[in-house]
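Summary of the model geometry
Here is how the chains run, residue by residue.
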2 protein chains.
Amino acid sequence: MRFTSEKRLDDGVLEREFTLGEIPGTLWTPGSAAPAPLILMAHNNGLPKAEPRLVARARYTAARGYAVASIDAAGCGDRPRSAADEQARADLRRAMQAGEPVDEIFESFIGPLVEKAVPDWRTTLDALLSLPEIGGPVGYSGWTALGIRLAVAEPRIAAAGFFAGGYVPRAQREEARQVTIPLLLLLQWDDEGNPRQRALDLFDAFGTKEKTLHANLGGHTGTPWFETDDGNRFFGRHLK
Amino acid sequence: MRFTSEKRLDDGVLEREFTLGEIPGTLWTPGSAAPAPLILMAHNNGLPKAEPRLVARARYTAARGYAVASIDAAGCGDRPRSAADEQARADLRRAMQAGEPVDEIFESFIGPLVEKAVPDWRTTLDALLSLPEIGGPVGYSGWTALGIRLAVAEPRIAAAGFFAGGYVPRAQREEARQVTIPLLLLLQWDDEGNPRQRALDLFDAFGTKEKTLHANLGGHTGTPWFETDDGNRFFGRHLK
């Protein structure tokens, strides 16, 4: 793990870019000296780690005592994409905007993207946990499909907050019942891109006994900011 | 309003019993001197204000800076009941335990109970707001059907937290869309006495633009304690 730049933010948070082999990442750590619990933060469907909403959430969370890390996994964010991937992403966007069924595109594109992303996240987790400023335990926040896969594959993840969940590849819908860690599922009630009933069905399917659903009125990007505080308190109950 | 007893609790909260005409009530006020915002707390289906779960929630909330009041409204709690009311309550309990349809009993018994309770709560609100230790604004917490009726009838109520919502009389289901104050609806996912889909439909029906649903795994009395904190923070955003 090689740090390539660093910036000290106003609230004492240290924001560092790193590379780990081919994986580009960002690590936010709180100003305090004690080893912090870690939250892996991933954007739905592999959107870039530099996306402003994710960065704002990561900085805010780090200022409250967590180490937060995000990467562009293989095929995600600004990593190289195949022509087929570019085409699939364009097809998906067009179909969603047109309100057409997206299941098939989703399955053939997002399914493999999740599978390919997992090794990069686990490699990153190994490297992060070797840093003295990171103590664990480990939480996960964001992209539902990746989070389900990681929660099943990765015993070091102790609690997870998922967003949306209307479209999740079949493989992850099926393994949802194997997820046994505490969960917070965040749902936008009128999310045009995430069928509500599917998200409710997914919440129902999770195998964990400790799961909470938070739903708010509004569309995909309308999550109220107080949910960031709620998420941090959820992690506070399970990671601190 | 006549205070009939008072008790200072360990955390500085003052717990006072009062009567207001025929209405018996309890008022919890925080130890601090400044006028506190007020939360009216009512148990579902008119259960007694002395019920330990309500008392625990009221004391905890008062210790966090709120004045909290609960009454036994007409026909509720330990107030005199007609033989017909006793019979209806017994029928309702028996039908719910047997898993039989309860809509008809519910409509003929709980519907009028809500209507009769409203004037007592409004009279109490008048009296409470004349006390120097209570500053307003006013929130409401608990019994969904009564809360809907009060939120529509009573402009002084600025925010409300509702519990369950699977069975709500038709009149209140219909006026749910007239509720325009910020809402937090709390739902137990496996509440045997509150059909989940009806509670979700009710959440959908509320007219307010600022509504949040919190759902947790488990049965009617299994609400995790952290929801009390979440409720207080909800009121903190709207009453303080």
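The rules behind each value
Throughout this document, residue positions are counted from 1 along each chain, in the order its sequence is written. Naming scheme: in the order in which they are written, chains are lettered from A and ligands are numbered from 1. In view of the model being predicted, local features appear only for residues whose pLDDT reaches at least 70, and side-chain atom pairs are presented and counted only at 80 or more, with totals across whole chains, interfaces and linings using the full set of residues. As a rule here, side-chain values come from all non-hydrogen atoms in the structure, and water together with hydrogens is ignored. By definition, any uninterrupted DSSP run of H or I lasting at least four residues is a helix, any uninterrupted run of E lasting at least two residues is a strand, and each is numbered from the N terminus. Values of the radius of gyration come from C-alpha atoms, whereas the globule rule sets the reference at 2.2 Å times the count of residues to the power 0.38. Throughout, exposure labels follow a simple rule: accessible area from a 1.4 Å probe, protein chains only, divided by the maximum for the residue type, with under 20% read as buried, over 50% as exposed, and the rest as partly exposed. The contact rule is simple, with two residues in contact once any of their heavy atoms fall within 4.5 Å. A 1.4 Å probe defines the accessible area here, and the buried area is the portion of it lost by two parts on being joined, summed over both. In the sections that follow, a salt bridge refers to a side-chain nitrogen of Lys or Arg positioned within 4 Å of a carboxyl oxygen of Asp or Glu. Between N or O atoms, a polar contact is any pair within 3.5 Å; within protein, one atom must be a potential hydrogen donor and the other a potential acceptor, and residues adjacent in sequence are included only when both atoms are from side chains. Polarity classes work like this: nonpolar for Ala, Val, Leu, Ile, Met, Phe, Trp, Tyr, Cys and Pro, charged for Asp, Glu, Lys and Arg, and polar for all others, with Gly in that last group. Strand pairing is assigned whenever DSSP detects at least two bridges linking the two strands. Residues belong to one nonpolar core when they are buried, are Ala, Val, Leu, Ile, Met, Phe, Trp, Tyr or Cys, and are joined through side-chain atoms within 4.5 Å. In this analysis, rings of Phe, Tyr and Trp, with Trp reduced to its six-membered ring, are considered paired at centre separations within 6.5 Å, and the interplanar angle assigns stacked below 30 degrees, edge-to-face beyond 60, and tilted for intermediate values. Lysine NZ or arginine CZ positioned within 6 Å of the ring centre and within 35 degrees of the ring normal marks a charge as sitting over the ring. Our superposition of the copies is a least-squares fit, built on the C-alpha atoms of residues whose pLDDT is at least 70 in both. Here is how to tell: hold the view so the strands point away, follow the path from the first strand over the helix to the second, and if it runs clockwise the crossover is right-handed.

The name recorded for chain A in an unreviewed UniProt entry is Alpha/beta hydrolase, from Streptomyces montanus.

1. Describing the overall build of chain A
A tally of helices and strands in chain A yields seven helices and nine strands. For a compact globule of 240 residues, the expected C-alpha radius of gyration is about 18 Å, and chain A comes in at 17 Å, within 12% of that figure. Going through the 240 residues of chain A one by one, you find that 55% of them count as buried. Taking the intrachain contacts of chain A between residues at least 6 apart in sequence as the baseline, contacts between residues at least 24 apart amount to 69%.

2. Description of the interface of chain B and chain A
On the side of chain A, 20 residues touch chain B, which itself brings 20 residues to the contact. When residues of chain B are sorted by the area they lose upon contact with chain A, W189(B), L217(B) and F226(B) head the list and together hold 28% of the total. One salt bridge in this structure joins R196(A) and D204(B), with 3.4 Å as the shortest N-O distance. In this structure, the connection of chain B to chain A is made through eleven residue pairs in polar contact (both at pLDDT 80 or more). Breaking the side of chain B that touches chain A down by element, the ones donating at least two residues are α6 (196-205), β9 (211-216) and α7 (226-239) of chain B. In terms of residue count, β9(B) provides more of the side of chain B that touches chain A than any other element does, six residues in total. Residue classes in the side of chain B that touches chain A are distributed as seven nonpolar, five polar and eight charged. Direction of pairing for strand β9 (residues 211-216) of chain A relative to β9(B): antiparallel, over a ladder of five bridges. The residue of β9(B) that forms the bridge with L213(A) is A215(B).

3. Examining the nonpolar core
Membership of the largest hydrophobic core comes to 118 residues, with the highest contact counts inside it found for L40(A), Y140(A), W143(A), L40(B), Y140(B) and W143(B). Discounting chain neighbours no more than four positions away, the residues touching L40(A) are A69(A), W121(A), L125(A), L128(A), V138(A), G139(A), Y140(A), S141(A) and I157(A).

4. A word on the pattern of salt bridges
Overall, the coordinates contain 34 salt bridges over all chains when judged by the stated rule. Notably, a salt bridge pairs E100(B) with R94(B), separated by 3.4 Å at the nearest N-O pair. You can call R94(B) partly exposed: its relative accessible area is 45%. Among the ionic contacts, a cluster of salt bridges with common partners joins R122(A), D126(A), E154(A) and R156(A).

5. Some thoughts on the packing of aromatic side chains
Using the criterion set out here, one finds 14 aromatic pairs over all chains in the structure. The interplanar angle of 75° and the centroid separation of 5.0 Å between the aromatic rings of Y60(A) and W225(A) together place this pair among those described as edge-to-face. Of this pair, Y60(A) sits in helix α1 (residues 52-62) while W225(A) sits in the loop between β9 and α7 (226-239), and the two are 165 residues apart along the sequence. Assessed through its relative accessible area of 42%, W225(A) is described here as partly exposed. An aromatic cluster of at least three residues, connected via ring pairs, comprises Y140(A), F162(A) and F206(A). Over the ring of Y60(A) we find R64(A); its NZ or CZ atom is 3.5 Å from the centre of that ring. Here K240(B) stacks its cationic end above the ring of Y66(B), 4.3 Å away from the centre of that ring.

6. Describing helix α4 (residues 144-153) of chain B
Residue and element names in this part refer to chain B. Counting buried positions over the ten residues of α4 gives eight, a clear majority of the element. Buried within α4 we find T144, A145, L146, G147, I148, R149, L150 and A151. Buried residues along α4 sit against β4 (36-42), α3 (103-129), β6 (134-143), β7 (157-163), α5 (170-175) and α6.

7. Some details on helix α6 (residues 196-205) of chain A
Each turn of an α-helix holds 3.6 residues, which means side chains three or four residues apart point in the same direction. A199(A), L200(A), L202(A), F203(A) and A205(A) are the residues of α6(A) that are buried. Buried residues belonging to α6(A) abut α4 (144-153), α5 (170-175), β8 (183-188) and β9 of chain A together with α6 and β9 of chain B.

8. Concerning the relation of the copies chain B and chain A
With an RMSD of 0.0 Å, the operation that places chain B on chain A is a rotation of 180° combined with a shift of 0.0 Å along the axis. On this basis, the relationship between the two copies can be described by a two-fold rotation axis. Looking at the rotation axis and the C-alpha trace of chain B, the residue lying nearest is H214(B), at 2.4 Å. Interface overlap between copies: 100% of the residues of chain B at the interface are likewise at the interface in chain A, consistent with a symmetric, same-surface contact.

9. A short note on the environment of R8(B)
All names here are of chain B. Structurally, the position occupied by R8 is in strand β1 (residues 2-8). The exposure class of R8 is exposed, given its relative accessible area of 53%. Separated by 28 residues in the primary sequence, R8 and A36 place their C-alpha atoms 17 Å from one another. The residues contacting R8, other than those within four sequence positions of it, are V13, L14 and G31.

10. A closer look at unusual backbone geometry
Residues and elements named next belong to chain A. Note the cis peptide between G136 and P137, where omega equals -5°. Checked against the element boundaries, P137 lands in strand β6 (residues 134-143). Residue A164 is not a glycine yet carries a positive backbone phi of 70°. If you trace the backbone, A164 turns up in the loop between β7 (157-163) and α5.

11. Observations regarding the pairing of β7(A)
Residues and elements named next belong to chain A. Within β7, six of the seven residues are buried, which leaves the element mostly enclosed by the surrounding structure. Pairing of β6 with β7 involves six bridges; the strand directions are parallel. The residue of β7 that forms the bridge with S141 is G161. Taken together, β6, α4 and β7 form a β-α-β motif whose crossover is right-handed. Bridging between β7 and β8 involves four bridges; their strand directions are parallel. Counted as the bridge partner of G161 is L184 from β8. As for the winding sense of the linkage, the β-α-β connection from β7 through α5 to β8 is right-handed.

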